[in-house]
Amino acid sequence: MISNSKQHWTVGQLVKVGFVAGLEVVAPVATPGDYAPDAYVLSRKEQFYSFVPHKGLAKITAAEARVMVEAGKQHAERLAAAAVAKAAASARHAGLVRELAFA
C-alpha cells in the first residue's frame, strides 16, 4: 500500500498518476512473494488501468481488472485463514500452559 504520498490510495479516492488525472482507485491488489510494490486497479471514464509504483500505468481490459481484483480477494482470504489458524494455535498453547501450570 502506498503510504508516503500526499494522495490517498484507498478505494473510491481520485488520484493522479503522471499526467493522467481523475483516476479512481477501484482496488489495491497485493503482490506477495515478488518483492514488488502492490498493484492498483484504477478506472477513468470507461477505461481500466493497472498501476504498479515504479513500473507505471498500463491500460487493461475489464476482464483483466476482474482477474486482478479476484486474485487480491483470494490472497486476502488466505491471509485471514492463516491468521485465524495462528490465533487458534496460540489459544491451544495458552490452554496447555495453564493446564500444566495449575495441575
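Residues numbered from 1 in each chain as written. Predicted model: local features only at pLDDT ≥ 70, side-chain atom pairs only at ≥ 80, totals over all residues. Heavy atoms only, no water.

Caption draft 1: Here's a closer look at the pairing of strand 4 (residues 47–52). Both strand 3 (residues 39–44) and strand 4 contribute to a ladder of five bridges, which runs antiparallel. Of the residues in strand 4, the one forming a bridge with Tyr-40 is Phe-51. Counting the residues that bridge the hairpin from strand 3 to strand 4 gives two residues, and of these Lys-45 lies at a positive phi of roughly 55°. Where strand 4 folds back on strand 5 (residues 56–60), the antiparallel hairpin that results is connected by three residues, among which His-54 adopts a positive phi of roughly 75°. (Pairing = 2+ DSSP bridges. Helix = DSSP H or I, 4+ residues; strand = E, 2+ residues; numbered from the N terminus.)

Caption draft 2: Representation of the packing of aromatic side chains within the structure. As enumerated under the stated definition, the model contains two aromatic pairs in all. Ring geometry for Trp-9 and Tyr-40: centres 5.0 Å apart, planes at 55°, overall tilted. Separated by 31 residues along the polypeptide, Trp-9 in the segment before strand 1 (14–17) and Tyr-40 in strand 3 bring together distant segments of the chain. An identical accessibility class is assigned to Trp-9 and Tyr-40; each is buried. The interplanar angle of 20° and the centroid separation of 5.3 Å between the aromatic rings of Trp-9 and Phe-51 together place this pair among those described as stacked. One end of the pair, Trp-9, is in the segment before strand 1; the other, Phe-51, is in strand 4, and 42 residues separate them in sequence. Side by side, Trp-9 and Phe-51 carry an identical accessibility label, which is buried. (Phe/Tyr/Trp six-rings, centres within 6.5 Å; stacked < 30°, edge-to-face > 60°. Buried < 20%, exposed > 50% of the residue type's maximum accessible area, 1.4 Å probe, protein only.)

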